[in-house]
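Each chain, letter by letter, is given below.
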Amino acid sequence: MSTRRLPLTGVRVLELGNYIAAPTAGRMLADFGAEVIKVERPGTGDELRNWRLKAGGTSMLYRTINRNKKSVVLDLRSDEGREAVLELVRRSDILLENFRPGTLEKWGLGPDVLEAANPDLVLVRISAFGQTGPMSARPGFAAVAEGYSGFRELVGDPDRPPVRVGISIGDSIAGMQAAFGAVMMLFDRQRQKIAGAAEAVVGSAHGFEGESPLSERTVDVALNEAMFSMMESLVPDYSAFGEIRTRTGGRMEGIAPSNGYLCAGGKSVVIAGNGDGIFGRLMTAIDRSDLAEDAELQTNAGRWDRREELDEAIGAWCAQRSVEDVVEVLEEAGVPAGPIYTAEDLVADEQLAARGMIQHHDVSTGEEMLEDVAFPGITPVIGGESIAIDHLGPDLGEHTEEVLSWLGLKSAAQGDADVGADSDGNAADADGADGDGD
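Residues numbered from 1 in each chain as written. Predicted model: local features only at pLDDT ≥ 70, side-chain atom pairs only at ≥ 80, totals over all residues. Heavy atoms only, no water.

J.: Explanation requested: the overall build of the chain in the structure shown.
T.: Of regular secondary structure, the chain possesses 17 helices and eleven strands. Looking at the 438 residues of the chain, the share that counts as buried comes to 49%. Considering only contacts in the chain between residues 6 or more positions apart, those separated by 24 or more positions represent 70%. As presented, the chain carries roughly 20800 Å² of accessible surface, and 52% of it is formed by carbon and sulfur atoms. (Helix = DSSP H or I, 4+ residues; strand = E, 2+ residues; numbered from the N terminus. Buried < 20%, exposed > 50% of the residue type's maximum accessible area, 1.4 Å probe, protein only. Contact = heavy atoms within 4.5 Å. Areas by Shrake-Rupley, 256 points an atom, 1.4 Å probe, with all protein chains shown as cover.)

Printed below as a string of structure tokens:
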């Protein structure tokens, strides 16, 4: 365990979320020192425990996303479980949840109840389409939200249907925005307290109007909006010029040459030669001075018009060389380029290792202990290298007795029903992860 004092030391977070979005927010807060108490349903816990399960009863996906947290088993449909949650609310700074809008209210844990329990609470709510609007009640996973955001339309090749990226990017971005929103509200809450104390000394010169109600400390993250916020100038370009962007495969619309290229040996490299000065160096490096000097190719617009020709020239050069040779030549020429890594490459990468971005832990599958397993480090870096992971995602209910004892409650609060299921049996409605676990 690290003895270093982290920025969020002393902050307590109650996480009522399943799957990826809210747990990602909780993971980020826990990584930087917050005490995150994760409430899970009795019996099965967070469904993420079974996603991509290779052995035992808890997946590496769960161990990764729920690192540095405590696991407490409670039945939110029981009186004892709800009372335990309210006791935790009274002693917490932040509550994270990612149920379908209205679910907390149905359980008797709506904002009015939470505010009565803790007037200083910061509430972070993640759902498919937000807490308001005509689509707010719809369930949805990140795959659906990616479609609604405009993101999915741009992923893949133009002559094929849209595809998805290989990770739950919608969930992860929503989780990052939720974590940012939580810290932002904590900052504002503290600033209001300081302003209030100052007014008590100097009068109304600081313009302090009193601490805000919970409604103004509620962070409302919608999965579709989180992805929409990443879409750069997609909408302005359409609104201003009528442009509707389409899929461009490995390219980026309007930028050339920038793509992935297959090298000898079967591996690929990314080359970004789209800067005006960089382009000339790239063409010279691949022995195409004719293209480097071509007047039509001196601007990005001209290069985009002739992108097929440029990619063919670069691809032919790469095909005759290994990835290592390509990167070496282009690095010497001052052209941004790098290999397209696999997991095997990542764990052997010297740059990641130098910054503590690959961290090794022994981990139990529930059936056996696996030694020296590599996990991704904590970002962003502060103090020169990645903060050490304190512990991996906990076993189900590992901290239940500890936390209930601390609250002065009995273990009956655990119950034996599904904590994350509503009256229709839908677990953790409207989190942000695809039903297939990708």
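J.: Could you clarify how one ought to interpret the nonpolar core in this entry?
T.: If you look at soluble globular proteins, the nonpolar side chains tend to sit buried side by side. Membership of the largest hydrophobic core comes to 43 residues, with the highest contact counts inside it found for Val13, Leu29, Ile94, Val124 and Ile126. Listed by contribution, the elements that provide at least two residues to this core are helix H1 (21–31), strand E4 (94–97), strand E5 (122–127), helix H7 (169–202), strand E6 (218–222), helix H8 (223–228) and strand E11 (369–376). When residues in this core are grouped by element, the largest group, seven residues, is from H7. The contacts of Ile94, once residues within four sequence positions are left out, are Val11, Arg12, Val13, Leu14, Leu29, Leu121, Val122, Val124, Ala182 and Leu186. Grouped together as the second largest cluster of nonpolar side chains are 25 residues, Leu14, Val72, Leu104 and Leu404 included. (Core = buried A, V, L, I, M, F, W, Y, C linked by side-chain atoms within 4.5 Å.)

J.: Any chance you could explain the pattern of salt bridges here in plain terms?
T.: Should the charged atoms of two oppositely charged side chains come close, the side chains can pair. Following the criterion strictly, the structure yields 30 salt bridges and no others. The partner of Lys70 in a salt bridge is Glu402, with the nearest N and O atoms 2.9 Å apart. Taken together, the residues span a long stretch of sequence, with Lys70 in strand E3 (residues 69–73) and Glu402 in helix H17 (residues 400–407) at a distance of 332 residues. On the basis of relative accessible area, Glu402 is assigned to the partly exposed category, the value being 41%. Note that Glu309 is salt-bridged to Arg306, the shortest N-O span being 2.9 Å. For Glu309, a relative accessible area of 34% corresponds to the partly exposed category. Overlapping salt bridges, with partners in common, bring together Arg12, Glu35, Lys70 and Glu402 in one network. (Salt bridge = Lys/Arg side-chain N within 4 Å of Asp/Glu carboxyl O.)

J.: Explain helix H10 (residues 276–285) to me, please; I cannot follow it from the model alone.
T.: Side chains of residues three or four places apart in an α-helix project in the same direction, reflecting 3.6 residues per turn. Listing the buried residues of H10 in full gives Ile278, Phe279, Gly280, Leu282, Met283 and Ala285. Contacts made by the buried residues of H10 are with strand E8 (268–272), helix H11 (289–292), helix H12 (300–305), helix H13 (307–319) and helix H14 (323–333). Remark: Asp287 follows H10 within two positions and exhibits a positive phi of approximately 65 degrees.

J.: Hey, could you run me through the sheet that holds strand E9 (residues 337–339) in this one?
T.: Adjacent strands of a sheet pair through backbone hydrogen bonds, lying either parallel or antiparallel. On the basis of which strands lie adjacent, the open sheet formed by three strands has the order E7-E8-E9 and antiparallel pairing. The strands lining the two open edges of the sheet, one partner per strand, are strand E7 (258–262) and E9. Between one strand axis and the next, the sheet turns through 20 degrees on average, direction left out of account. Where E7 lies against E8, five bridges are found, and the strand directions are antiparallel. Note that in E8 the partner of Asn259 across the bridge is Ile271. (Pairing = 2+ DSSP bridges. Axes fitted to C-alpha atoms, helices over the stretch in contact; angles between N-to-C directions.)

J.: Which parts of the structure should I look at to understand the side chain of Asn66?
T.: Within the secondary structure, Asn66 is located in the loop between helix H2 (60–65) and E3. Of note is the side chain of Asn66, whose polar atom sits 3.3 Å from the side chain of Lys38. For Asn66, the contacting residues outside a window of four places in its chain are Glu15, Pro23, Lys38, Asp46, Leu48, Leu392, Gly393 and Pro394. (Polar contact = N/O pair within 3.5 Å; in protein donor to acceptor, adjacent residues only side chain to side chain.)

J.: Looking at this model, I keep getting lost on the sheet that holds strand E1 (residues 12–15). Mind explaining?
T.: Pairing is parallel in the open sheet, where six strands are placed in the order E3-E2-E1-E4-E5-E6. Of all the strands in the sheet, the pair left with one neighbour each is E3 and E6. The mean angle between the axes of side-by-side strands here comes to 20 degrees, regardless of whether they run parallel or antiparallel. Here strand E2 (residues 35–40) runs beside E3; their pairing, made up of five bridges, is parallel. Each residue of the ladder has a partner; that of Val39, found in E3, is Val72.

J.: I tried to follow the packing of H10 against H14 on my own but got confused; where do I start?
T.: The relative placement of two packed helices is expressed as an angle between their axes plus a distance between the axes. Their axes nearest at 9 Å, the elements H10 and H14 cross at an angle of 135 degrees. Taken together, the axes of H10 and H14 are oblique relative to one another. For the pair H10 and H14, the sense of crossing is right-handed. Across the interface between the two elements, Arg281, Leu282 and Ala285 from H10 touch Val329, Leu330 and Ala333 from H14. Residue composition of the contact of H10 with H14, grouped by class: five nonpolar, no polar and one charged. (Parallel < 35°, antiparallel > 145°, perpendicular 65-115°, else oblique. Left-handed = near helix turned anticlockwise from the far one by under 90°. Nonpolar A, V, L, I, M, F, W, Y, C, P; charged D, E, K, R; others polar.)

J.: Before we go on, may I ask you to explain unusual backbone geometry in this structure?
T.: Working note: non-glycine residues mostly have negative phi, and peptide bonds are mostly trans. Cis peptide bonds are those with omega within 30 degrees of zero, and the linkage from Ala256 to Pro257 qualifies with -10 degrees. Along the chain, the position of Pro257 falls in the loop between helix H9 (234–241) and E7. In the segment running from Thr379 into Pro380, the intervening peptide bond is cis, with an omega of -5 degrees. Positionally, Pro380 belongs in the loop between E11 and H17. Of note in this structure, Tyr19 is not a glycine but carries a positive phi near 65 degrees. Tracing the chain through its elements places Tyr19 in the loop between E1 and H1.

J.: Mind showing me how you'd approach the packing of aromatic side chains here?
T.: Any aromatic ring pair is given by two values, namely how distant the centres are and how the planes are angled relative to each other. Applying the stated rule across the entire model yields four aromatic pairs. Look at Tyr19 and Phe141: their rings are 5.6 Å apart centre to centre, the planes differ by 85 degrees, and that puts the pair in the edge-to-face class. Of the two residues, Tyr19 sits in the loop between E1 and H1 while Phe141 sits in the loop between E5 and helix H6 (142–149), which places them 122 residues apart along the sequence. A relative accessible area of 26% means that Phe141 is categorised as partly exposed. Ring geometry for Phe99 versus Trp107: centroids 5.0 Å apart, planes at 75 degrees, classification edge-to-face. (Phe/Tyr/Trp six-rings, centres within 6.5 Å; stacked < 30°, edge-to-face > 60°.)

This is a description of form; function is not addressed.
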